[in-house]
Amino acid sequence: MKKILFLLAGVALFTSCSKNNTDVEPDFNESNLATLSVEFDNIVGDRTLTLNTTASPYTNAAGEKFTLSKVQYFISNIKVSKADGTAYTVNQDSSYFLINAANKETRFAEVKVPEGDYTKISFIVGVDSLRSTMDVSKRTGVLDPSGSMEDGMYWSWNSGYIFFKMEGNSEVVSNNANGDPTGKKQFKYHIGGFGGYSAPSINNIKTVTIDLTTAGIARVRKGRESNIHMFVDLLKVFNGTNSFSIAAHPSVMFGDFSGKIAGNFAGMFRHDHTEN
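Okay, so let's go over this structure. Worth saying up front: this structure is predicted, and the values here are computed from it rather than measured.

This part is about the overall build of the protein chain. Per the secondary structure count, the protein chain includes five helices and 17 strands. By residue count, 45% of the 276 residues in the protein chain fall in the buried class. Sequence separation of 24 or more characterises 73% of the internal contacts of the protein chain that already satisfy a separation of 6 or more. Total accessible area computed for the protein chain in this model is approximately 13,800 Å², and 51% of it derives from carbon and sulfur atoms.

In structure tokens form, the structure reads like this:
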């Protein structure tokens, strides 16, 4: 009996030490890569996003009730940082993701970063100007213009990506040319613009930086996946720094007001927790 207890105690000690060893931060080595996942969980205020729901519409700060039918946005150029300031930018060819609320499988952005403990993450909402102007052969996957046109995330007439798209319906939308002449009460926000290729134009590329220290840093190790879980509050599109009403701006695309909406992007993202 004593031998059994001794063996069990030894196993417990070994298991404990092994677990602790995985929590010891490895030396930073850019050749020693492991998986980091970033989850973009869409919500509307304190509610889970449900597309095409009419039974229980959402309400913005202007008191306008609305429903959502489409939400898509690009996440790119992911970068992670440690407490000592050491930073790592994910290989750009592997750092473009299209989050589509209609397909929950797209909510994860999975990248490779060096093993380590990360206290900060940053990313672009949209597609950077360099990649936007590259030869089509360099724009593959979700950036393939033909595929992006199928997803409705590429302006063929403007040769540019739509960074953020949100569509829905609200009774406050007028039935005339200032709203929706079809009478469907639809609003549309298609936000893009990388600054212009041959001449300056609208630049709605926005970088978002998230501090992970409060809700849990990412301890990236081989053999296990660290997942940074973020809520993306779509109500902030209306209620953010640049608050506006649907009635006043039911359709915003490649115009000056698009910059106001893009200015609300950073406030949409909130770190909820990290799973290590």
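Right, let's get into the side chain of Asp-233. Mapped onto the elements of the fold, Asp-233 is located in strand β15 (residues 226-233). Nearest to the buried, unbridged Asp-233 among oppositely charged side chains is Lys-236, at 4.9 Å. Excluding anything up to four places from it in sequence, Asp-233 contacts Ile-43, Val-44, Gly-45 and Met-268.

Burial analysis of strand β9 (residues 120-125) places five of its six residues in the buried class, which makes it a mostly covered element. Pairing between strand β4 (residues 65-81) and β9: five bridges, direction antiparallel. Bridging across to β9, Ser-76 finds its partner in Ile-124. In terms of strand pairing, β9 meets strand β13 (residues 206-211) through six bridges, oriented antiparallel. Residue pairing across strands places Ile-121 opposite Ile-210, the latter belonging to β13.

Tracing the backbone through its elements, the reader meets Glu-39 in strand β1 (residues 33-44). The class for Glu-39 is buried, based on a relative accessible area of 9%. Here Arg-107 takes part through its side chain, which lies 3.0 Å from a polar atom of the side chain of Glu-39. With near-sequence residues (within four places) excluded, Glu-39 lies in contact with Arg-107, Phe-108, Asn-227, Ile-228, His-229 and Met-230.

Calculation notes
Residues numbered from 1 in each chain as written. Predicted model: local features only at pLDDT ≥ 70, side-chain atom pairs only at ≥ 80, totals over all residues. Heavy atoms only, no water. Helix = DSSP H or I, 4+ residues; strand = E, 2+ residues; numbered from the N terminus. Buried < 20%, exposed > 50% of the residue type's maximum accessible area, 1.4 Å probe, protein only. Contact = heavy atoms within 4.5 Å. Areas by Shrake-Rupley, 256 points an atom, 1.4 Å probe, with all protein chains shown as cover. Lys, Arg positive; Asp, Glu negative; His and termini not counted. Salt bridge = Lys/Arg side-chain N within 4 Å of Asp/Glu carboxyl O. Pairing = 2+ DSSP bridges. Polar contact = N/O pair within 3.5 Å; in protein donor to acceptor, adjacent residues only side chain to side chain.

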